[in-house]
Every structure is written in C-alpha cells, then in structure tokens.
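# Inside the fold
The lines below spell out each chain.
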Amino acid sequence: MSLQQDILDLIKKASLRNYSKQIKNNIELLQRILDETSKYNMELSIPEMVYLILNPMETPFCHRGNKKVFNSVEKGYRFCGNKKSCLCNQENQKEKMTIVQSKNH
Ligand SMILES: [Zn+2]
C-alpha cells in the first residue's frame, strides 16, 4: 500500500486528535514519513509532514522562498506570516483586488 493510503487509514482509525501520537508509536511508518519529507531538509512536525504527503502539490515555502506557517492537517498552510521580509500576503491581496477590478470593467 502507498504511504498516503497507510496514513489515511491510520487517521481514520485513530481520529484527527490522536493520529500524531499513533504515528510516533509506529516507528516503521514514522521512518517512511521522515524519508518522504527528507527532501525539504528541515525539521517538520508530524502533522505538517502528514499534510505534505497527503497534498503532494503543496510545499512548506511561499513563492518567495519563505517558510509558511503551518496551521493543521485540515486547514493546511497560512502565509509565511512575515510581512516585513515577505510580500506574498500583500501580493495575494493585490491579485484578488485586480480580479475584482477587472470584473467591473
Ligand atoms: Zn511569503
């Protein structure tokens, strides 16, 4: 079975409140999760690793290369949360406004 499927099965069995504890106790599964996320080259929490594996299109970085703030497996990432050093949040707001404005034209 794929790692994704194994994680989904475990979350189903253990519930969203307890799965990370269950993963910690499952050394074999934990090792596969660590191997899968070693490409990011940083220490990540279990929920964050799980989220990244379940959402292969996601990355822990915003498009300007800053680490995004992780929320939860259900909610995913927020912006990098660093308004001073990264403009991605503002850029996103601007994009939204541009879409609204172009609709009005
Ligand atoms: Zn950013």
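Here we summarise the structure given alongside this text. (Residues numbered from 1 in each chain as written. Predicted model: local features only at pLDDT ≥ 70, side-chain atom pairs only at ≥ 80, totals over all residues.)

### Structural notes on the overall build of the chain
On a plain count of helices and strands, the chain comes out with four helices and two strands. Ordering the α and β elements of the chain from the N terminus gives α-α-α-β-β-α. A burial count over the chain gives 12% of its 105 residues as buried. Looking at the chain alone, contacts between residues at least 24 apart form 24% of all its contacts between residues at least 6 apart. (Helix = DSSP H or I, 4+ residues; strand = E, 2+ residues; numbered from the N terminus. Buried ≥ 20, exposed ≤ 12 C-beta atoms within 10 Å, placed from the backbone. Contact = placed C-beta atoms within 7 Å.)

### Comments concerning helix α3 (residues 46–54)
For the α-helix, the turn length of 3.6 residues means that residues three or four positions removed from each other point alike. Residues Glu 48, Met 49, Val 50, Tyr 51 and Leu 52 constitute the buried set of α3. Here the buried face of α3 lies against α1 (3–25), α2 (27–37), β1 (70–72) and β2 (76–77).

### Thoughts on the nonpolar core
Residues Ile 7, Tyr 19, Ile 23, Ile 33, Met 49, Val 50, Tyr 51 and Leu 52 constitute the largest nonpolar core, which totals eight residues. Where this core is concerned, the elements lending two or more residues are α1 and α3. Take this core: its biggest share by element is four residues, from α3. Contacts of Ile 23, omitting those with residues within four sequence positions, involve Leu 10, Leu 29, Leu 30, Ile 33 and Ile 46. (Core = buried A, V, L, I, M, F, W, Y, C linked by C-beta atoms within 7 Å.)

### Notes on the environment of Asn 82
Within the secondary structure, Asn 82 sits in the loop between β2 and α4 (88–104). Classification of Asn 82 as partly exposed rests on a count of 16 C-beta atoms within 10 Å. With 16 residues separating them in the primary sequence, Asn 82 and Asn 66 have C-alpha atoms 8.2 Å apart.

### Points about the packing of α2 against α3
The geometry of α2 relative to α3 is characterised by a closest axis approach of 10 Å and an angle of 65 degrees between their N-to-C directions. The orientation of α2 relative to α3 falls into the category roughly perpendicular. Where α2 crosses over α3, the two elements pack in a sense that is left-handed. Where α2 approaches α3, its residues Ile 33, Glu 36 and Thr 37 are matched on the opposing element by Met 49, Val 50, Leu 52 and Ile 53. By residue class, the composition of the contact of α2 with α3 is five nonpolar, one polar and one charged. (Axes fitted to C-alpha atoms, helices over the stretch in contact; angles between N-to-C directions. Parallel < 35°, antiparallel > 145°, perpendicular 65-115°, else oblique. Left-handed = near helix turned anticlockwise from the far one by under 90°. Nonpolar A, V, L, I, M, F, W, Y, C, P; charged D, E, K, R; others polar.)

### Describing the packing of α1 against α2
Contact geometry of α1 with α2 gives a least axis separation of 12 Å together with a crossing angle of 110 degrees. Accordingly, the angle class assigned to the pair α1 and α2 is roughly perpendicular. Contacts between α1 and α2 involve Leu 3, Asp 6, Ile 23 and Lys 24 from the former and Leu 29, Leu 30, Arg 32, Ile 33 and Glu 36 from the latter. Of the residues in the contact of α1 with α2, the class split is five nonpolar, no polar and four charged.

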